[in-house]
Amino acid sequence: MAAARTTAVTVRAGALAAVLALAGTTPATAAQAQAAPGPEPVTACWSNTGPYQRELEAHLHRPVDGTESVADCLAIRSFQWKNGVRPADGYAGVDTYRMMLVVAARPNPNAAGDCPVEEERVTCVDLDRQLLWVQEDDRIVFPVVPIRTGRDGDETRRGRHEIYWRSKDHKSTLYNNAPMPYAQFFDGGQAIHARSDYLYAHGGSGGCVNLAEPDAVKLWNLLTEGDTVYVWGTKPGTDD
């Protein structure tokens with residue numbers, strides 16, 4: 001499936017490059033053209049139906065039929081462009097779906113009241129939606145961001161925890177010295193830390209709460225030992 005998607009993207013990139021060449025503009029790649037600063041792309045939109053097609057259609061108030069149309073592609077691409085998802089190609093993949101969950105949660109991530117509201121800082125880890133934010137009283141002091149938690153069999157442990165140790169340049173003693181930058185340990189070997197590689201790879205972590213590195217850096221600068229971490233829910237695709 002990955003090879004087919006790569007082929008489709010290559011074909012679309014070639015078509016876009018040909019169109020731009022006729023107009024006297026030939027970028028190095030279509031992806032570079034889309035990722036460059038500037039206005040939203042106005043070129044034709046080609047994309048296959050993605051695995052989260054229906055969810056994106058519903059979020060963007062498109063007819064929910066689970067099949068990518070040109071109008072769907074344009075709407076999804078516009079959403080991607082505005083929210084920093086690259087390439088902005090109109091494909092309803094996991095990156096776009098996860099950003100959709102972030103956008104939907106931003107106005108009130110704790111609307112369901114699952115994370116305790118307290119005078120002290122509480123880092124909220126929502127396994128259901130794979131989201132993290134920090135609240136203090138009724139204020140959001142760290143905005144909602146996407147995360148990757150433990151895969152099936154290595155689930156992130158639910159409940160109320162406390163950050164007991166922080167290690168900025170930590171290396172894992174369990175996983176062959178794997179880097180765990182900006183690690184903030186809250187339960188045994190489980191920590192909130194940065195993942196420098198693709199955030200959504202391999203179906204989950206070994207139990208830690210992974211963030212994109214820019215988010216992990218900001219969270220490191222906010223939290224301290226003794227802060228509460230509260231985990232609830234069930235990660236999609238796990239049994240516990």
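Here is what the cut-offs are and how they apply
- Residues numbered from 1 in each chain as written.
- Predicted model: local features only at pLDDT ≥ 70, side-chain atom pairs only at ≥ 80, totals over all residues.
- Heavy atoms only, no water.
- Disulfide = S-S within 2.5 Å.
- Buried < 20%, exposed > 50% of the residue type's maximum accessible area, 1.4 Å probe, protein only.
- Patch = residues over 30% accessible without salt bridge, like charges linked within 9 Å, V, L, I, M, F, W, Y side chains within 5 Å.
- Areas by Shrake-Rupley, 256 points an atom, 1.4 Å probe, with all protein chains shown as cover.
- Salt bridge = Lys/Arg side-chain N within 4 Å of Asp/Glu carboxyl O.
- Lys, Arg positive; Asp, Glu negative; His and termini not counted.
- Charge placed at Lys NZ, Arg CZ, Asp CG, Glu CD.
- Helix = DSSP H or I, 4+ residues; strand = E, 2+ residues; numbered from the N terminus.
- Polar contact = N/O pair within 3.5 Å; in protein donor to acceptor, adjacent residues only side chain to side chain.
- Contact = heavy atoms within 4.5 Å.
- Core = buried A, V, L, I, M, F, W, Y, C linked by side-chain atoms within 4.5 Å.
- Pairing = 2+ DSSP bridges.
- Axes fitted to C-alpha atoms, helices over the stretch in contact; angles between N-to-C directions.
- Phe/Tyr/Trp six-rings, centres within 6.5 Å; stacked < 30°, edge-to-face > 60°.
- Lys NZ or Arg CZ within 6 Å of the ring centre and 35° of its normal.

## Concerning the state of the cysteines
At step 1: The final tally for this structure, using the stated rule, is 2 disulfides.
At step 2: At a sulfur-sulfur separation of 2.1 Å, the disulfide partner of Cys115 is Cys124. Handedness here is read from the sign of the S-S torsion; for Cys115 and Cys124, about -85°, the answer is left-handed.
At step 3: Owing to a relative accessible area of 2%, Cys115 belongs among the buried residues under this scheme.
At step 4: On the accessibility criterion, Cys124 (0% relative accessible area) is buried.
At step 5: For the protein, numbering the cysteines in disulfides from first to last along the sequence yields the connectivity 1-2, 3-4.

## Concerning a negative patch on the surface
At step 1: Taken together, the side chains of Glu119, Glu120, Asp137 and Asp138 define an acidic patch exposed on the protein surface.
At step 2: Mapped onto the secondary structure, Glu119 falls in the loop between helix H5 (94-105) and strand E1 (121-126).
At step 3: Glu119 sits in the exposed class, given a relative accessible area of 63%.

## Thoughts on the side chain of Gln190
At step 1: Position of Gln190 relative to the elements: it lies in strand E7 (residues 190-195).
At step 2: On the basis of relative accessible area, Gln190 is assigned to the buried category, the value being 6%.
At step 3: Within the structure, the side chain of Gln190 is placed 3.2 Å from the backbone oxygen of Glu155, a separation counted as a polar contact.
At step 4: Setting aside anything within four residues of it in sequence, one finds Gln190 in contact with Glu155, Thr156, Arg157, Phe185, Gly207 and Cys208.

## Thoughts on the nonpolar core
At step 1: Val125, Leu132, Ile192, Val209, Leu211, Leu219 and Val229 are the most contacted members of the largest nonpolar core, which has 20 residues in total.
At step 2: For this core, the elements supplying multiple residues, two or more each, are strand E2 (131-136), strand E3 (139-146), strand E6 (179-187), E7, strand E8 (209-212), helix H6 (213-222) and strand E9 (228-232).
At step 3: Tallying contributions element by element places H6 first for this core, with 3 residues.
At step 4: Contacts of Leu211, omitting those with residues within four sequence positions, involve Leu132, Val145, Pro146, Ile147, Ile192, His193, Ala194, Arg195, Leu199, Ala216 and Leu219.
At step 5: Phe79, Val85, Val102 and Cys115 belong to the second largest nonpolar core, which has 18 residues in total.

## Quick look at the sheet that holds strand E5 (residues 165-171)
At step 1: Pairing within the open sheet is mixed, and its 4 strands lie in the order E5-E6-E7-E8. Of all the strands in the sheet, the pair left with one neighbour each is E5 and E8. Neighbour-to-neighbour, the strand axes of this sheet turn through a mean angle of 25°, independent of strand direction.
At step 2: Together, E5, E6, E7 and E8 form the strand contacts of H6, whose direction differs from that of E8 by roughly 110°.

## Observations concerning the packing of aromatic side chains
For any two aromatic rings, the description comes down to two numbers: the centre-to-centre distance and the angle of the planes.
At step 1: Tallied over the entire structure, the rule returns 7 aromatic pairs.
At step 2: Centre to centre, the rings of Tyr164 and Phe185 are 6.4 Å apart; their planes meet at 50°, and the pair counts as tilted. Here Tyr164, found in the loop between strand E4 (159-162) and E5, pairs with Phe185, found in strand E6; they are 21 residues apart in sequence, far enough to count as distant.
At step 3: The class for Tyr164 is partly exposed, based on a relative accessible area of 41%.
At step 4: The exposure class of Phe185 is buried, given its relative accessible area of 5%.
At step 5: Where Tyr182 meets Trp220, the ring centres are 5.9 Å apart and the plane angle is 75°; that geometry is what we call edge-to-face. With Tyr182 in strand E6 and Trp220 in helix H6, this residue pair connects regions lying 38 residues apart in the sequence. The pair Tyr182 / Trp220 is uniform in exposure class, with both members buried.
At step 6: Pairwise contacts between aromatic rings join Trp133, Tyr230 and Trp232 into one cluster.
At step 7: Above the ring of Trp81, the side-chain terminus of Arg86 is found at 3.9 Å from the ring centroid.
At step 8: It is Arg166 that lies over the ring of Trp220; its NZ or CZ is 3.9 Å from the centre.

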